[in-house]
Amino acid sequence: MLKIIFKVFSIFTFFFTLIFTFSIGEIFYNSIDGTDFYRYFRYIEYFNGSIETPSREQGLFYFWFVSIFIDLYDQYYLADKWEYIYSSAIQLANFILYLVGVLGLFIFMKSKKINSLNIFFALTLLNIFPPVFGGRLIMKPEMLAFALFPWILLGIDKYFEQKNIISLIIVCPLLAIIATSKGTVFLLTASAILFIYLVKVYAVNRKEFEAFWGKDLGEAASLFRWNTEKAGKVMNE
């Protein structure tokens, strides 16, 4: 009985902190004041048709995603409320990406046979962890990597468990999106994957794993060329 109470409490605490932190951001923080907003603002101008090219180095996927929510808010609010429109749209877009990442983390930890009580406790801490909470408040491409990374780990894990190359093929587009979003983010992501799975790589079919990286680099190169053509600048960060 006590175990059930603790489990219910952990689930309630997780959802409470999730909704509470989102509400706090919506009420008290203006995302327009965030770092690099006006630098990234050119991407929004590009997607609403104001300019022909953003002339910036980041990939376009994250900013395209944010622009969808800005367009949605534009339909229901007056133009003179543009700061509220942009701030709310940014935070909602980041919140959706955060939910995708949290769901991936939950499934990943469950696959590792971690107790649900411990999972919800860890995710509750993540909800209130200052760097993560801060990232949800501003226009930040790293939120895209947060959303996709757990699903990449799940796909690679499934490959090692079932020796099914399809799992790696599914993971490739996700890694390619991260690779073209921001160079430093991809470097950290690739380093983490190699660190986690380096030992297992030597115990499996090396050709399949090398083919996976080859396919991913090929897709990343294609996305890189497309981003460069659209953005008008080589991604060098």
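Please read all numbers here as calculations on a predicted model, not as lab measurements.

Quick notes on the rules
Residues numbered from 1 in each chain as written. Predicted model: local features only at pLDDT ≥ 70, side-chain atom pairs only at ≥ 80, totals over all residues. Heavy atoms only, no water. Helix = DSSP H or I, 4+ residues; strand = E, 2+ residues; numbered from the N terminus. Buried < 20%, exposed > 50% of the residue type's maximum accessible area, 1.4 Å probe, protein only. 1 Å grid on protein atoms, 1.4 Å probe; cavity = no way out; pocket = protein on both sides within 12 Å on 5 of 7 lines; lining within 4 Å. Points joined across faces, edges and corners; volume = space filled by probe spheres on them. Nonpolar A, V, L, I, M, F, W, Y, C, P; charged D, E, K, R; others polar. Polar contact = N/O pair within 3.5 Å; in protein donor to acceptor, adjacent residues only side chain to side chain. Contact = heavy atoms within 4.5 Å.

**Some details on the environment of Ala192**
Okay, step 1: Relative to the helices and strands, Ala192 resides in helix 9 (residues 183-201).
Okay, step 2: Residue class for Ala192 comes out partly exposed when judged on its relative accessible area of 27%.

**So, empty space enclosed by the protein**
Over the atoms rolls a probe the size of a water molecule, and in doing so it shows where empty space is left.
Okay, step 1: By the definition in use, this model includes one cavity of 30 Å³ or more.
Okay, step 2: Looking at the largest cavity, its volume works out to about 40 Å³.
Okay, step 3: As for the largest cavity, its lining consists of Thr21, Phe22, Gln91, Phe95, Arg136 and Leu137.
Okay, step 4: Breaking the lining of the largest cavity down by element, the ones donating at least two residues are helix 1 (2-28), helix 4 (82-111) and helix 6 (130-137).
Okay, step 5: Residue classes in the lining of the largest cavity are distributed as three nonpolar, two polar and one charged.

**A closer look at the side chain of Asp157**
Okay, step 1: As for its placement among the helices and strands, Asp157 is situated in helix 7 (residues 142-162).
Okay, step 2: Asp157 gets classed as buried once you look at its relative accessible area, which sits at 4%.
Okay, step 3: In this structure the side chain of Asp157 is engaged in a polar contact, spanning 2.6 Å, whose partner is the side chain of Lys112.
Okay, step 4: Here Asp157 is in contact with Phe108, Lys112, Tyr197 and Lys200, once residues within four sequence places are set aside.

Scope: geometric values only; no functional claims are made or implied.
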